Amino acid sequence: MTPRFLHTENDFSLGLANVTRTDARLRELIDFAGRPTLRRRPAGFVGLCAIVCSQQLSTASAAAIWGRLAAAFDPLDAEALRRARADKLARIGLSRPKIRTLKALSKAFAKREIDIEALASMDADAAHAALIGLHGIGPWTADVYLLFCLGHADAWPAGDLALQEAARLAFRLRQRPAAAEMIDLAEPWRPWRGVAAHVLWNYYRAVKKRDAIPIQASGANSGRGARRSAC
């Protein structure tokens, strides 16, 4: 199947029409919360690094660390980060695991171990597999990158805490579903699972009265098989 992408509002409208036709419950969520907004972020090395920096952090903390990192390396590129001393990165506020991940990413990009441009033409599952092959990149990071940076319409961040809680509330589940349950839940929405994610995040925002910024659930980036088995 040819991959679907969410590059424009027309793409997004097509996806909304399809998922609401497939599942009337999603139409009810839109009727309650309003039409969701298509979200996009910069792609490439910088976009992937930004998502790594945001792992398991509040929006404010992630923004502060990212601001210091961008100011310290202008421009921020793989070669500059590869050469950076670990103690300098630690003073910016990065944890040791994140420093290791950013260093590994820098080396992978420098050695062309991943073709970041090619991810934009792969289907979501293949692109996901390519990303989690990189050191420190788990399922949550991969899916958030695919959805927000590349616009993959079928990317599904099953390990996202807000998405899990939105599903619990929207579908009146007894408890917040785990990542594996989220995978099963979203299967009928293919190839527009990323659109359904936008609907659920928007519903979360309306119910909780706060923005549903993607935050990985505990352990959502651990284990390469988590997507089939965790924005």
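An account of the accompanying structure is given in this report. Every chain is numbered independently, its residues counted from 1 as its sequence is written. Totals for whole chains, interfaces and linings use all residues, but because this is a predicted model, local features are given only for residues with pLDDT of at least 70 and pairs of side-chain atoms are given and counted only at 80 or more. Just so you know, side-chain values use all the structure's heavy atoms and leave hydrogens and water out.

Considering the overall build of the protein
Point 1. Helix and strand definitions follow DSSP, with helices as H or I runs of at least four residues and strands as E runs of at least two, each counted in order from the N terminus. Per the secondary structure count, the protein includes 12 helices and 0 strands.
Point 2. Ordered by position from the N terminus, the helices and strands of the protein form the series α-α-α-α-α-α-α-α-α-α-α-α.
Point 3. For a compact globule of 231 residues, the expected C-alpha radius of gyration is about 17 Å, and the protein comes in at 17 Å, within 12% of that figure.
Point 4. Principal-axis analysis of the C-alpha atoms places the extent of the protein at approximately 55 × 35 × 30 Å.
Point 5. Exposure classes here rest on a 1.4 Å probe applied to the protein chains alone. A residue is buried below 20% of its type maximum, exposed above 50%, and partly exposed in between. For the protein, buried positions account for 51% of its 231 residues.
Point 6. Element-wise, carbon and sulfur atoms account for 51% of the exposed surface of the protein, whose accessible area totals about 10,900 Å².
Point 7. None of His or the chain ends enter the tally, which takes Lys and Arg as positive and Asp and Glu as negative. We put the charge of a Lys on NZ, of an Arg on CZ, of an Asp on CG and of a Glu on CD. A gap of 6 Å separates the mean positions of the 34 positive and 22 negative side-chain charges of the protein. Atoms considered for the radius of gyration are the C-alpha atoms alone. The globule rule reads 2.2 Å times the number of residues to the power 0.38. Computed by Shrake-Rupley with a 1.4 Å probe, the accessible areas treat only the displayed protein chains as cover when residues are assessed.

A few points about helix 12 (residues 193-208)
Point 1. What a helix is expected to span follows from its residue count: subtract one and scale by 1.5 Å. Helix length check: helix 12, at 16 residues, gives a terminal C-alpha distance of 22 Å against a target of 22 Å (1.5 Å per residue), a fit within 8%.
Point 2. For helix 12, a buried count of 13 out of 16 residues is recorded, marking the element as mostly surrounded by other parts of the structure.
Point 3. In the stretch just after helix 12, Lys209 is the one whose phi turns positive, near 65°.

Let's talk about the nonpolar core
Point 1. Leu131, Tyr145 and Trp156 are the most contacted members of the largest nonpolar core, which has 70 residues in total.
Point 2. Only heavy atoms matter for contacts: two residues are in contact if any of them lie within 4.5 Å across the pair. Setting aside its immediate chain neighbours within four residues, Tyr145 contacts Ala43, Gly44, Gly47, Leu48, Ile51, Ile116, Leu119, Leu131 and Leu150. For our purposes a nonpolar core is just a set of buried Ala, Val, Leu, Ile, Met, Phe, Trp, Tyr and Cys residues, chained together by side-chain atoms within 4.5 Å.

A closer look at helix 4 (residues 59-72)
Point 1. Helix length check: helix 4, at 14 residues, gives a terminal C-alpha distance of 20 Å against a target of 20 Å (1.5 Å per residue), a fit within 8%.
Point 2. Residues of helix 4 that are buried sit in contact with helix 3 (44-54), helix 5 (78-83) and helix 6 (86-92).

Side note on the packing of aromatic side chains
Point 1. Each Phe, Tyr or Trp ring (for Trp, its six-membered ring) is paired with any other whose centre lies within 6.5 Å, and the angle between the two planes then decides the class: stacked below 30 degrees, edge-to-face above 60, tilted in between. Under the defined criterion, the tally for this structure stands at 5 aromatic pairs.
Point 2. Summarising the aromatic geometry, the rings of Phe171 and Trp189 are spaced 6.2 Å apart at their centres and angled 45° between planes, so their arrangement reads as tilted. Here the residue Phe171 occupies a position in the loop between helix 10 (161-170) and helix 11 (179-186), and Trp189 occupies one in the loop between helix 11 and helix 12, the gap between them amounting to 18 residues. We note that Phe171, like Trp189, is buried.

Quick notes on the packing of helix 10 against helix 11
Point 1. Orientation of helix 10 relative to helix 11, taken along the N-to-C sense of each, is 60°, at an axis distance of 11 Å. The angle between the axes of helix 10 and helix 11 places the two elements in the oblique class. Two packed elements cross with a definite hand, and for helix 10 against helix 11 that hand is left-handed. On helix 11, the residues that touch Leu163, Gln164 and Ala167 of helix 10 are Ala179, Met182 and Leu185.
Point 2. Note on residue classes: Ala, Val, Leu, Ile, Met, Phe, Trp, Tyr, Cys and Pro are nonpolar, Asp, Glu, Lys and Arg are charged, and everything else, Gly too, is polar. Here the contact of helix 10 with helix 11 is built from residues that sort into 5 nonpolar, 1 polar and no charged. Helix axes are fitted to C-alpha atoms over the stretch in contact, other axes to C-alpha atoms as well, and angles between N-to-C directions run from 0 to 180 degrees. Under this scheme an angle from 65 to 115 degrees is roughly perpendicular, one under 35 degrees roughly parallel, and one over 145 degrees roughly antiparallel; angles in between are oblique. Left-handed describes a crossing whose near helix is turned anticlockwise from the far helix by less than a right angle; the clockwise case is right-handed.

Concerning the pattern of salt bridges
Point 1. Within this document, salt bridges are pairs made up of a side-chain nitrogen of Lys or Arg and a carboxyl oxygen of Asp or Glu, the two lying within 4 Å of each other. Under the counting rule described, the total for this entry stands at 14 salt bridges.
Point 2. Across the pair Arg35 and Glu9 runs a salt bridge whose closest N-O atoms are separated by 3.2 Å. With Arg35 in the loop between helix 2 (24-33) and helix 3 and Glu9 in helix 1 (residues 9-22), the pair connects residues that are 26 residues apart, well separated along the chain.
Point 3. On the accessibility criterion, Arg35 (42% relative accessible area) is partly exposed.
Point 4. You can call Glu9 partly exposed: its relative accessible area is 40%.
Point 5. Between Arg85 and Asp87 there is a salt bridge, with its nearest N and O atoms 3.2 Å apart.
Point 6. A relative accessible area of 33% means that Asp87 is categorised as partly exposed.
Point 7. Several salt bridges converge on common partners, so that one network encompasses Asp125, Asp154, Glu187, Arg190 and Arg193.

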